[in-house]
Amino acid sequence: MSATAGDEVRLTPGAKRILDVAAELFYSRGINAVGVDTIAAESGVTKRTLYDRFGSKDGLLVTYLKARDRRWRELVEARLDAEADPVRRALVPFDVLPEWLPQSSRGCSFVNAFAELPEPDHPGRQLIVAEKQWLRDLFRDLLAEAGAKNPEDLAVQLLSLHEGAIVSYSIAGESSAASITRAAAEALVRQALG
């Protein structure tokens with residue numbers, strides 16, 4: 001049986017090794033540059049096990065993206081659960097960036113994967129779009145809860161700042177990108193509430 005969303009905890013030890021190695025290789029080298037032979041060899045698990053557990057390289061890619069998305073959402077949601085102030089809640093995705101960015105030397109794994117998956121109906125691409133829409137919708141909902149004027153437009157502004165912080169950190173080497181964009185986001189939110 002192949003792995004699907006939420007199956008990471010039920011993976012066999014071999015499948016878990018495959019997923020861990022594939023995650024590292026997809027992120028560090030790129031999806032198209034890494035074949036199943038390399039994944040199998042570096043994980044010490046047979047290609048047959050890879051195909052048995054994930055169905056295909058695309059199935060493995062989807063599992064990788066789902067696991068990465070799940071870790072990101074859990075981090076954001078845990079911080080949201082601990083925060084009561086509406087303005088600070090709207091800024092939580094910025095507050096987690098200093099913890100997340102050091103793990104992201106090559107930028108956002110979703111943006112990287114998006115660049116390699118030109119087919120709009122590819123299940124990996126659909127996941128990528130859903131992840132970015134989730135973050136935009138989260139900003140919108142948090143802003144609406146805080147009483148912001150025009151939460152739809154402000155959510156797009158915050159999403160753009162957030163994604164820009166990741167690019168600035170990973171590509172331009174701006175180590176202060178998270179704190180600077182958080183300050184800009186807070187100014188926008190406070191202006192929308194004023």
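A brief look at the structure comes next.

The rules behind the values
- Each chain carries its own residue numbering, running from 1 in the direction its sequence is written.
- pLDDT decides what is reported in this predicted model: residues at 70 or higher carry local features, side-chain atom pairs at 80 or more are listed and counted, and totals for whole chains, interfaces and linings draw on all residues regardless.
- Based on all heavy atoms of the structure, the side-chain values leave hydrogens and waters out of the count.
- What counts as an axis is a line fitted to C-alpha atoms, over the stretch in contact for a helix, and the angles between N-to-C directions run from 0 to 180 degrees.
- Every helix listed is a DSSP run of H or I at least four residues long, and every strand listed is a run of E at least two residues long, numbered separately from the N terminus.
- Each angle is binned into one of four classes, with values under 35 degrees roughly parallel, values over 145 roughly antiparallel, values of 65 to 115 roughly perpendicular, and all other values oblique.
- A crossing counts as left-handed when the near helix is turned anticlockwise from the far one by less than a right angle, and as right-handed when that turn is clockwise.
- By the convention used here, residues are in contact when the closest approach between their heavy atoms is within 4.5 Å.
- Gly counts as polar in this scheme, as do all residues outside two lists: the nonpolar Ala, Val, Leu, Ile, Met, Phe, Trp, Tyr, Cys and Pro, and the charged Asp, Glu, Lys and Arg.
- Take a side-chain nitrogen of Lys or Arg and a carboxyl oxygen of Asp or Glu: if they are within 4 Å of each other, that pair is a salt bridge.
- Note on exposure labels: buried denotes an accessible area under 20% of the residue type's maximum, exposed denotes more than 50%, and partly exposed covers the range between, all computed with a 1.4 Å probe on protein chains only.

What follows covers the packing of helix H1 (residues 13-29) against helix H2 (residues 36-43). The N-to-C vectors of H1 and H2 enclose an angle of 125°; their axes lie 9 Å apart at closest approach. The angle between H1 and H2 places the two elements in the oblique class. Between H1 and H2 lies a crossing of right-handed hand. The residues of H2 that touch H1, namely those facing Arg-17, Ile-18, Val-21, Ala-22, Leu-25, Phe-26 and Arg-29, are Thr-38, Ile-39, Glu-42 and Ser-43. When its residues are assigned to classes, the contact of H1 with H2 shows 6 nonpolar, 2 polar and 3 charged.

Bringing the pattern of salt bridges into the picture now. Considering all chains together, one arrives at 17 salt bridges under this definition. The residue Asp-69 makes a salt bridge to Arg-73 at a minimum N-O spacing of 3.0 Å. In this pair, Asp-69 and Arg-73 are both assigned in helix H4 (residues 57-81), 4 residues apart and thus about one turn of the helix distant. Using a relative accessible area of 22% as the deciding quantity, one classes Arg-73 as partly exposed. Residue Arg-89 pairs with Glu-145 through a salt bridge whose shortest N-O separation is 3.9 Å. One end of the pair, Arg-89, is in helix H5 (residues 86-90); the other, Glu-145, is in helix H9 (residues 123-146), with 56 residues separating them in the sequence. Exposure remark for Glu-145: the relative accessible area of 55% places this residue in the exposed category. What emerges from the salt-bridge pattern is a single network uniting Arg-136, Asp-137, Arg-140, Asp-141 and Glu-152.

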